[in-house]
Amino acid sequence: MSFRRTHHCGQLRADHIDQKVVVCGWVHRRRDHGGVIFIDLRDRAGLVQAVFNPEYLPPEQFAEAEKLRNEYVIQVSGIVKGRLPGMANPNLATGAIEIYADKLVVLNEAKTPPFAIDARNGVDEALRLKYRYLDLRCPNMQATLALRHRATKLMRDFLDSRGFWEIETPMLTKSTPEGARDFLVPSRVQPGEFYALPQSPQLFKQLLMMGGMDRYFQIARCFRDEDLRADRQPEFTQLDMEMAFVDRDDILDLIEDMVTFVFEGTVGAKIQLPLPRLSYADAMARYGSDKPDTRFGLEIVDVTKAVQDTSFRVFTETAAQGGAIRGINVPGAGESFARREIDELGELASSYGAKGLLWLIVTDDGGRGGITKFFDPQQLATLTCTMGANPGDLLIFVADEPMVCAEVLGRLRLFLGDKLGLIDENAWNLLWVVDWPLFEFDEAEGRFQAAHHPFTAPVMDDLHLLTTEQGKVRAQAYDLVLNGVELGGGSIRIHRREIQEQMFVALGMTPQEAEERFGFFLNAFDYGTPPHGGIAFGLDRWIMLLAKTDSIRDVIAFPKTASAQDLMTGAPSPAMDGQLRELHIELTPEVAKRFQSEA
Ligand code: ASP
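The residue numbers shown here count from 1 along each chain, following its written sequence. Two thresholds apply to this predicted model, a pLDDT of at least 70 for residue-level local features and 80 or more for giving and counting side-chain atom pairs, whereas whole-chain, interface and lining totals are computed over all residues. Excluded from the side-chain calculation are hydrogens and water; included are all heavy atoms of the structure.

1. Things to note about the overall build of the chain
Just so we agree on the cut-off: Secondary structure counts use DSSP, requiring at least four H or I residues in a row for a helix and at least two E residues in a row for a strand, with both numbered from the N terminus. Accessible area is worked out with a 1.4 Å probe on protein chains only. A residue is then buried under 20% of its type maximum, exposed over 50%, and partly exposed in between. Pairs of residues are marked as contacts when any of their non-hydrogen atoms sit within 4.5 Å. Accessible surface is estimated by sampling points in the Shrake-Rupley manner with a 1.4 Å probe; for residues, cover comes only from the protein chains shown.
Across its full length, the chain holds 18 helices and 22 strands. Projecting the C-alpha coordinates of the chain onto the three principal axes gives extents of approximately 95 × 75 × 60 Å. Looking at the chain as a whole, 48% of its 599 residues qualify as buried. Residue pairs at least 24 apart in sequence account for 68% of intrachain contacts in the chain once pairs closer than 6 positions are excluded. Carbon together with sulfur atoms contributes 51% to the accessible area of the chain, which is approximately 29600 Å² in total.

Listed below in structure tokens is the structure:
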């Protein structure tokens, strides 16, 4: 037999007893027991125990085994034996057997690693990122990347079976607006000009539809130069798709089938179809969020009508000014919460932007505490009925502009769901949010912005409002939400030039500006553009949810820190002088001085 790997370490089972095997891997642990050496050998598939006994091994080979240290890379050949009675390790997949080594080759030695491979959780993340190749050896990193591979493979298989083609789009391109800052790449050949790294393949996937490709997908790298939040990375991966000659429901149906396929093939979850569809307006009204977590109730109820005639001025005035009064019934909390806990809800509400949190406790004979005194018995009965409340329940209210009510109660709802332990961590609650607004008003800029991106089609019934009453126009857009997290979003696109031009006008662009930025795209509309639409999923976030991890860095092999640095390679780093000259770029004096003083 040649000395070549026959099995992965973690694969060996009782079925292999008496077989001669060759395995390779890293020394995970070495133990000396009365002249016999035990090695836990580790590879991607797991651990196996190899026994080096001087009775079977030539002395010089045994001497080699004595020198083994953690993380040495070795190759071992031997016979698989059942462990002696009582010696099996039920915690290890290979725990019923061990390898009686008859040959050892040290393929490489290793320094003592800066952290133990199996004790990674306590280790400072900066250290793990600096030595990412060691961190990647940890079983949970390997399991997560295996899951990522499995999920992407299922997506590819599914999409292939439905006639999608995987097509790459350029990295060096022109700005694709998705609402973030672009990363720019200077051109050496065209001095003073820049490429932008794509924020998404949006324009190209639409151009592929114009190009007759019919169904496209790509596991696409996207770049957005934003200040990073916990679950963001400057470069991230999307599963990006586009289809021609479809309407919204064709896309939603297809995605539902894909999602079912991926969930079943990865975490074994069965997803009930069709998925619920909630309008944006309903999502905001009932859950105070455009990505509602429906794993628990605590729905928001509008009680404006029920309370506007009470003697409480805050209610009457808010209602008169066109505001809203909305509340949440927190079942049982009237009895279980201490006063301090109610006050804490009030503090949270203020920190979320409410002027205050109003409350009362429902009792057998009406109510007590908080704002009870402003209600007569009939009004109280109407209120408790509207909120489906029973004695012992705590009712909390916000009276404000509808958006403020939604935001504050939406966040309190999440807080309470967590505090009361109402969230089923094993649930996979998927739903669509549809009928989004096409625009959102940017207070800082004093004008409307595309809520999604400028290529999203308006609901055709709202088309006449496009340049006059932007605030009222609905979009043919949809988001897929999983357990309160946005998994992906997309839309039916504008496929007629004059509507696309109106859209640019609505966004405050002059025809010249539109021509400069998107002329190539507008021209393409003139040559026969099919109706089309698509969607993109944040792949990293999807994998995070499948893997049940809170950190996006756990699902990316080589991630960046919150300050967009790669601690292993040291990127970003200063350019060499010559490079900048070639690019016709000069640093500002302040920056140049900083580099000089650091040098
Ligand atoms: N390009 C969009 C995004 O990245 C998705 C889409 O509309 O398909 O969010």
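2. A short note on the layout of surface pockets
Note the following rule: Using protein atoms alone on a 1 Å grid, points that fit a 1.4 Å probe yet trap it form a cavity, whereas open point sets bounded by protein on both sides within 12 Å along at least five of seven lines form a pocket; residues with an atom within 4 Å of a point count as lining. Grid points are joined across faces, edges and corners, and a volume is the space filled by probe spheres set on the points. Under the convention adopted here, Pro, Cys and the residues Ala, Val, Leu, Ile, Met, Phe, Trp and Tyr are nonpolar, Asp, Glu, Lys and Arg are charged, and Gly plus all remaining residues are polar.
Approximately 800 Å³ is the volume attributed to the second largest pocket. In terms of lining, the second largest pocket is formed by 22 residues, of which the most central are Phe183, Leu184, Ala571, Pro572 and Ser573. For the lining of the second largest pocket, the secondary-structure elements that each account for two or more residues are strand S7 (184-186) and helix H18 (589-598). Tallied by class, the residues present in the lining of the second largest pocket amount to 16 nonpolar, three polar and three charged.

3. Observations concerning the pairing of strand S14 (residues 358-363)
Inclusion rule: Here, strands pair whenever DSSP counts at least two bridges between them.
Burial analysis of S14 places six of its six residues in the buried class, which makes it a mostly covered element. Here S14 runs beside strand S16 (residues 394-400); their pairing, made up of four bridges, is antiparallel. The residue bridging leucine 358 from the neighbouring strand is phenylalanine 397, located in S16. Taken together, the three bridges between S14 and strand S15 (residues 366-368) define a ladder with antiparallel strand orientation. Note that in S15 the partner of threonine 363 across the bridge is glycine 366. Between S14 and S15, which pair antiparallel and follow one another directly, the connecting turn spans two residues.

4. Quick look at the site of the ligand
Test applied: Proximity is defined per residue: if any heavy atom of the residue lies within 4 Å of a molecule or strand, that residue is considered near it. N or O atoms within 3.5 Å of each other form a polar contact, as long as, within protein, one can give a hydrogen and the other can take it, and as long as residues adjacent in sequence are counted only when both atoms are side-chain atoms.
As a structural note, the neighbourhood of the ligand is formed by 14 residues, with Glu178, Gln202, Lys205, Gln238 and Arg493 the closest of them. One nitrogen or oxygen atom from the side chain of arginine 224 is found 3.1 Å from an oxygen atom belonging to the ligand. For the shell around the ligand, the secondary-structure elements that each account for two or more residues are helix H5 (202-210), strand S21 (485-492) and strand S22 (532-538). Examining the composition of the shell around the ligand, we find that three residues originate from one element, S22, more than from any other. Of the residues belonging to the shell around the ligand, the class tally is two nonpolar, eight polar and four charged.

5. A word on unusual backbone geometry
Cis rather than trans, the peptide bond between leucine 273 and proline 274 has omega equal to -5°. Within the fold, proline 274 resides in the loop between helix H6 (248-266) and strand S11 (277-279). Residue alanine 571 is joined to proline 572 through a cis peptide bond whose omega torsion reads 0°. Turning to its location among the elements, proline 572 is positioned in the loop between helix H16 (539-547) and helix H17 (577-582). At leucine 298, a position not held by glycine, the phi torsion is positive, near 50°. Tracing the backbone through its elements, the reader meets leucine 298 in the loop between helix H7 (280-287) and strand S12 (300-302).

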